[in-house]
Every structure is written in structure tokens, then in C-alpha cells.
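Architecture at a glance
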Amino acid sequence: MARRVAAGLVVLWAAATAAYLALLAAPGNTVDSIVGDGADTPQIRAQIVTEWGLDRPPVVQYLDYLWRLAGGDLGRSYLLQRPVAEVIGEQLAPTATLAVAAAGLGVLLAVVVAVGTTGRRRRWPRRVSSAAELLLVSTPPFLIGIVLLSVLSFRYGLFPVAGDQGPAALVLPTLTLALPIAGLLAQVLRDGLDRALDEPFVLTARARGVRERAVLLRHALRHALLPTVTLAGWLFGVLLGGAVVVEQVFGRPGLGQVTLSAVTSKDMPVVLAVVTLSAAVYVLVNTAADLTCLLVDPRLRRS
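Residues numbered from 1 in each chain as written. Predicted model: local features only at pLDDT ≥ 70, side-chain atom pairs only at ≥ 80, totals over all residues. Heavy atoms only, no water.

The condition is simple: UniProt positions are given in the numbering used here, feature names are shortened, and annotations may be inferred rather than shown by experiment.
As annotated in an unreviewed UniProt entry, the protein chain carries the name ABC transporter permease and comes from Micromonospora wenchangensis. Under the heading Sequence similarities (unreviewed entry), UniProt records this for the protein chain: "Belongs to the binding-protein-dependent transport system permease family." The record in UniProt for the protein chain states the following under Subcellular location (unreviewed entry): "Cell membrane".

Here it is as C-alpha cells:
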């Protein structure tokens, strides 16, 4: 645990440092980058200099920036005239709901498809599933979203076209993000199941008269889950980036709207906060995935 926490802190430090260097590398001086397209007055510039410590040596500025981040101070948006934490906090729940729903659905679909197409008697379902998985993995999520909108919303009117009104509005964005994840995870999980079914413990279970379905679900599936869990933790970080685009396609509120607005209006404090928040979520999810691997395979706890 100590090693995992230390590694996570290093990742957070690297992400915060990269964001800070991007701020310094932006055209113009640092005050211009922080002001962005907002109001530009001598009073606001003096406030920025004081808040960011720009009148002190560069090393002190950098250390002060890290110290404020460690304390949860994300700064202030001078374009919106609001604290950045407040701006992000208002839009965090819709994005988190979408990401969690897509991750859960993607994992569920992957397990169902992989288990249902594993076995020597399932050649044709396996070929069809493999082709569909390759197609989903190769297709950009926003294109999947447009196709779902065209068919299920515009033609049949089954789901709302845009907005965040009720659970029905969450279905298509969730499917858009979940289908590519399910396609990739299903391929990895099926490959793990194929290898697990060739292990000696499976032969022993079959010799004891255990049914093939029970062998697959009770023995082989748990053995094959390790690479899938590890990959799922990485894919959750990808979900955050995909959610930004998908929220634009479906007109949903969330961090996608905030990020796009911050980038186009050069609101650098908000951009820095989004980068740091994404890194923090990525670290937390991958740490949880590592701990889940310890629960799935007890041998890792003894190694």
C-alpha cells in the first residue's frame, strides 16, 4: 500500500507540474494567461500577482502552487469571477454519473459476452462477437453516439436527443462510452478464459465431475479476471477524456462543457484544475484496481 500511495503521489506531482509548465509556456506573461479573455484591469492584475506570488522567485512560486493544490485550493477563475473549485464542483456530478454508469455497463457486457462465447462449441458466436468487438474498438466514441442518436432518437424517438432530464437521457451517452470499453475488455477476458481452461486445476475440476458451466464461472473466470481488472482501471481514465466529447454530442452538462469553455476562452486556472483532477481520479481508480486484484487472486498477497 505504501508503494502504491507513493507512486500515486508521484503521478499527481508530475501532472500538476506539467500543467504548471504549460501555464508558463503559454504566449505572453503569466498574468495574461491567467486573465484569459476576462476583464483586464490593474486591480485584477495586482490581485493575480499577489495570489500566485508572481513577485517572488520562480522556485517559490512553484512550491507555493503545489502547496495550494495540496490544500485543495484550485485558485480563482478571473473570467467567471468565481473559485475554480466551485465551478468544477457544480458540474462534477453529471460527469461522474456518466463515467461510473459507462464503466459498470462496459464491464458487465464484457463479462456476459466473453463467458457466452468461450468454449469449443461456440465457434460462430465467437467469430461474430470478435468482429463486432473489433468494429466497436476501432470506431471513435463520438461517431457511435451520432449513430445511436440518428437511429434511437431521431428515427424512433425512444430517448431524448439532448439534455440531462431523467434516467432516459443517460442511456445513449452511457452506451456510447460503454460499447468500445466492452469490446476491448471482452477480447482480453476471452483470451484469459481460453488460457485458464488449459490449466491443470480445470482438468482436476472436470475429473471431479464439475459441470462445464460451473468450471467456467467458478474456476476459470476468477483466474482470468486479473488482466481485465487491471485494464479496466486504465480504461476508466480514458472514460474521463471520452466523457468530455460525448457530453458535447448529447448536449449534457458536466466537465465537458466546463473544459471546452475554459479552453476556448483561455481560462487557464480552470484548465489546470481539470488536468489535476483527472490525474487524481486516475490514480484513485488504478489504486482501487490494484487492491481488487489482491482480492481476486490471494497468491498476490503472499508474493
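From this point, the narrative continues.
1. Focus: the UniProt feature "transmembrane region" (unreviewed entry) in the protein chain
Stated precisely, the cut-off is as follows: Strands are runs of DSSP state E lasting at least 2 residues, helices are runs of H or I lasting at least 4, and numbering of each runs from the N terminus.
If you check UniProt for "transmembrane region" (unreviewed entry), the listed places come out as residues 98–119, 131–156, 168–189, 224–250 and 270–296 in our numbering. Regarding residues 168–189, the helix share stands at 100% and the strand share at 0%, and the terminal C-alpha atoms are separated by 30 Å.

2. Section: the UniProt feature "signal peptide" (unreviewed entry) in the protein chain
The sites that UniProt annotates as "signal peptide" (unreviewed entry) are residues 1–21. Regarding residues 1–21, the helix share stands at 95% and the strand share at 0%, and the terminal C-alpha atoms are separated by 30 Å.

3. Digging into a nonpolar patch on the surface
Spelled out, the test is: Residues with no salt bridge and a relative accessible area higher than 30% make up the patches, which join like charges within 9 Å and nonpolar side chains (Val, Leu, Ile, Met, Phe, Trp, Tyr) within 5 Å. What sets the accessible areas is the Shrake-Rupley method with a 1.4 Å probe; for residues, cover comes only from the shown protein chains. Salt bridges are counted wherever a side-chain nitrogen of Lys or Arg sits within 4 Å of a carboxyl oxygen of Asp or Glu. Working definition: with a 1.4 Å probe on protein chains only, accessible area under 20% of the residue-type maximum means buried, over 50% means exposed, and in between means partly exposed.
A cluster of nonpolar side chains, Phe142, Leu143, Ile146, Val147, Val151, Tyr156, Leu158 and Val245, forms an exposed patch at the surface whose accessible area comes to about 720 Å². Take the nonpolar patch: its biggest share by element is five residues, from helix H7 (residues 141–155). Given the relative accessible area of 53%, Tyr156 is considered exposed.

4. Let's talk about the packing of aromatic side chains
Threshold: Any two rings among Phe, Tyr and Trp, with Trp reduced to its six-membered ring, count as a pair given centres within 6.5 Å; such a pair is stacked if its planes are under 30 degrees apart, edge-to-face if over 60, and tilted if neither. In this scheme, the term charge over a ring applies when either NZ of a lysine or CZ of an arginine sits within 6 Å of the ring centre and within 35 degrees of the ring normal.
One pass over the full model with this rule turns up three aromatic pairs. Here Tyr20 and Tyr62 contribute two aromatic rings whose centre-to-centre distance is 5.6 Å and whose plane-to-plane angle is 50°, an arrangement assigned as tilted. With Tyr20 in helix H1 (residues 2–25) and Tyr62 in helix H4 (residues 58–70), this pair connects stretches of sequence that are 42 residues apart. Consider the rings of Trp52 and Tyr65, whose centres lie 6.2 Å apart with planes at 15°: the pair is stacked. With Trp52 in helix H3 (residues 42–52) and Tyr65 in helix H4, this residue pair connects regions lying 13 residues apart in the sequence. By the burial criterion, Trp52 is buried, and Tyr65 matches it. One aromatic cluster in this structure is built from Tyr20, Trp52, Tyr62 and Tyr65. A cation sits over an aromatic face here: Arg68 above Trp52, 4.9 Å from the ring centre. Its end group placed over the ring of Trp124, Arg127 keeps NZ or CZ at 5.0 Å from the ring centre.

5. Thoughts on the pattern of salt bridges
Summed over all chains, the structure comprises ten salt bridges. A salt bridge links Arg45 to Asp32; the nearest nitrogen and oxygen atoms lie 2.4 Å apart. Pair noted here: Arg45 is in helix H3 and Asp32 is in helix H2 (residues 30–35), with a separation of 13 residues, a long-range link. Residue Arg45 is classed as partly exposed on the basis of its relative accessible area, which comes to 26%. Looking at Asp32, the relative accessible area reads 31%, which means it is partly exposed.

6. Let's talk about the environment of Val60
Inspection of the secondary structure puts Val60 in helix H4. On the basis of relative accessibility, which here comes to 32%, the residue Val60 falls in the partly exposed class. Along the primary structure Val60 and Asp32 are separated by 28 residues, whereas in three dimensions their C-alpha atoms are 20 Å apart.

7. Quick notes on H1
Our working rule: Here, expected helix span is obtained from the residue count minus one, scaled by 1.5 Å. Working rule for contacts: check all heavy atoms of both residues, and any pair within 4.5 Å makes them a contact.
Along its 24 residues, H1 runs 34 Å from first to last C-alpha, staying within 8% of the 34 Å computed at 1.5 Å per residue. Turning to H1, its buried residues are Gly8, Ala15, Ala16, Thr17, Ala19, Tyr20 and Leu23. Lining the buried residues of H1 we find H2, H3, H4 and helix H12 (268–296).

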